[in-house]
Amino acid sequence: MTNIMDWQTQVGRTWADNYLLTDRSFAGLTQRLLERITERVGDAVLDIGCGAGELALAIARTRMTARVIGVDVSSDLIEAARRRGDQLGNAGFVLADAANWREPGFSPDLLVSRHGVMFFDDPVAAFTNLHDQANMDAELVFSCFRNASENPWAVGMAKVLGLEPAGGSTAPGPFAFADPQHVENILSAAGWQGIAFEPVDFAYVAGVGEDPVADALAFFRRIGPAAPVLRALEGAARADAEARLAGWLDEHRSGNLIAFGAAAWIVTACHD
């Protein structure tokens, strides 16, 4: 389980230090998400849980007359996003919790997120706040993981490291929004309508280059469910766990690439 406190501390710092790797791993999903966003109008755009800003900056570059604001609880990620967007005058980043954040005079007509909405302690209250500040014709577009059983990277890693199977809980975390009915109940209770789910399968890129196993192992040491497990181990126990992980990664190597099947939802909704 990953909660807001994690993002404000170790997890946020790690993702900020490695945003190029996380952007790489989600590239296929980001492309599809941007396609869905491009289909919609919006001159006031809010990126919820914006991370290091890839989605917000991509939108700002293609909508130069729009005002794009990214909000995140991690000061490290916000700092990274600001550095990346310092040449874009129409993009700004705010350290805040989108669950209760509002800016006077800013009413978004397009609300977006790439995997940034699954960590609210009270998701109904959070989406109600987002709904109440949005324009009457606003639209919502976000992505989230489908069931862990449809994400081989998560299932395989858990098995290799002897972890409890991922998913199966609606507590804050990567798979909290896997169940469409659960998500629909949240959004409906918050006032959103026209809720739809588009399944998206994409390649979760873990390693590339001359030694993709080493690259992927370095990635998973820092990002994802293996990272805290490996950090907690020492000596021979850690060496054994990393050897098992490397063997599993090698089984999924294809030339200079290691990529896993990944499954997400793109969720859309409208204000009224």
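A few points on the structure. The structure presented is a predicted model; accordingly, all values stated were derived computationally and were not measured. (Residues numbered from 1 in each chain as written. Predicted model: local features only at pLDDT ≥ 70, side-chain atom pairs only at ≥ 80, totals over all residues. Heavy atoms only, no water.)

**A short note on the overall build of the protein chain**
In terms of helices and strands, the protein chain carries twelve helices and eight strands. Taken over C-alpha atoms, the radius of gyration comes to 18 Å for the protein chain, in line with the 19 Å a tight globule of 272 residues would show. In terms of overall dimensions, the protein chain has C-alpha extents of about 55 × 40 × 30 Å along its principal axes. Here the protein chain holds 272 residues, and the buried ones make up 51% of them. Sequence-distant contacts in the protein chain: of pairs separated by 6 or more residues, those separated by 24 or more amount to 76%. As displayed, the protein chain offers around 11800 Å² of accessible surface, 51% of which is attributable to carbon and sulfur atoms. Here the protein chain carries 21 positive and 35 negative side-chain charges, and the mean point of each set is 5 Å from the other. (Helix = DSSP H or I, 4+ residues; strand = E, 2+ residues; numbered from the N terminus. Rg over C-alpha atoms; globule rule 2.2 N^0.38 Å. Buried < 20%, exposed > 50% of the residue type's maximum accessible area, 1.4 Å probe, protein only. Contact = heavy atoms within 4.5 Å. Areas by Shrake-Rupley, 256 points an atom, 1.4 Å probe, with all protein chains shown as cover. Lys, Arg positive; Asp, Glu negative; His and termini not counted. Charge placed at Lys NZ, Arg CZ, Asp CG, Glu CD.)

**Re the packing of aromatic side chains**
With the rule as written, the count across this model stands at 18 aromatic pairs. Summarising the aromatic geometry, the rings of F197 and W265 are spaced 5.8 Å apart at their centres and angled 75° between planes, so their arrangement reads as edge-to-face. With F197 in strand 6 (residues 193–208) and W265 in strand 8 (residues 257–270), this residue pair connects regions lying 68 residues apart in the sequence. Here R146 stacks its cationic end above the ring of W265, 5.5 Å away from the centre of that ring. (Phe/Tyr/Trp six-rings, centres within 6.5 Å; stacked < 30°, edge-to-face > 60°. Lys NZ or Arg CZ within 6 Å of the ring centre and 35° of its normal.)

**Side note on the side chain of S113**
With respect to the helices and strands, the residue S113 is situated in strand 4 (residues 110–114). A polar contact is formed between the side chain of S113 and the backbone oxygen of I48, at a distance of 2.7 Å. (Polar contact = N/O pair within 3.5 Å; in protein donor to acceptor, adjacent residues only side chain to side chain.)

**A closer look at the packing of helix 4 (residues 27–38) against helix 5 (residues 54–62)**
For the pair helix 4 and helix 5, interaxial distance at closest approach is 11 Å and the crossing angle is 45°. As far as their axial angle goes, helix 5 and helix 4 are oblique. The handedness of the crossing between helix 4 and helix 5 is right-handed. Where helix 4 abuts helix 5, its residues T30, L33, L34 and I37 lie against E54, L55, A58 and I59. Considered class by class, the residues forming the contact of helix 4 with helix 5 number six nonpolar, one polar and one charged. (Axes fitted to C-alpha atoms, helices over the stretch in contact; angles between N-to-C directions. Parallel < 35°, antiparallel > 145°, perpendicular 65-115°, else oblique. Left-handed = near helix turned anticlockwise from the far one by under 90°. Nonpolar A, V, L, I, M, F, W, Y, C, P; charged D, E, K, R; others polar.)

**Quick look at the pairing of strand 4**
With five of five residues buried, strand 4 lies mostly within the body of the structure. Alternating residues of strand 4 divide into L110, V112 and R114 and L111 and S113, and every residue in both groups is buried. Inspection of the sheet shows strand 1 (residues 44–48) paired to strand 4 by three bridges, in the parallel sense. If you follow V45 over to strand 4, its bridge partner there is L110. The pairing of strand 4 with strand 5 (residues 139–145) spans five bridges and is parallel. (Pairing = 2+ DSSP bridges.)

**With respect to the pattern of salt bridges**
Under the definition given, this model contains 16 salt bridges. Between R221 and E242 there is a salt bridge, and its shortest N-O distance comes to 2.9 Å. You can see R221 sitting in helix 10 (residues 212–222) and its partner E242 sitting in helix 12 (residues 235–251), a full 21 residues away along the chain. Judged by its relative accessible area of 30%, R221 falls in the partly exposed class. With a relative accessible area of 13%, E242 lands in the buried category. Among the salt bridges present, the one from E242 reaches R238, with a minimum N-O distance of 2.9 Å. Here E242 and its partner R238 are both found in helix 12, four residues apart, which amounts to about one turn of the helix. (Salt bridge = Lys/Arg side-chain N within 4 Å of Asp/Glu carboxyl O.)

**Brief notes about the nonpolar core**
Side chains that are nonpolar tend, in soluble globular proteins, to be buried together. F220, L245 and L249 are the most contacted members of the largest nonpolar core, which has 50 residues in total. Setting aside anything within four residues of it in sequence, one finds L245 in contact with M157, V160, L217, F220, A226 and L230. By size, the runner-up hydrophobic cluster in this structure holds 40 residues, among which are A96, A126, I186 and I195. (Core = buried A, V, L, I, M, F, W, Y, C linked by side-chain atoms within 4.5 Å.)

**Some thoughts on the packing of helix 7 (residues 123–133) against helix 9 (residues 180–189)**
With their axes 8 Å apart at the nearest point, helix 7 and helix 9 run at an angle of 50° to one another. Taken together, the axis directions place helix 7 and helix 9 in an arrangement best described as oblique. Classified by chirality, the crossing of helix 9 by helix 7 is right-handed. Contact residues: helix 7 offers P123, V124, F127 and T128, while helix 9 offers I186, L187 and A189. Split into classes, the residues belonging to the contact of helix 7 with helix 9 amount to six nonpolar, one polar and no charged.

**Digging into unusual backbone geometry**
Although it is not a glycine, H115 adopts a positive phi angle of roughly 55°. Relative to the helices and strands, H115 is located in the loop between strand 4 and helix 7. Given a relative accessible area of 10%, H115 falls into the buried group.

Nothing here speaks to function; it is all geometry.
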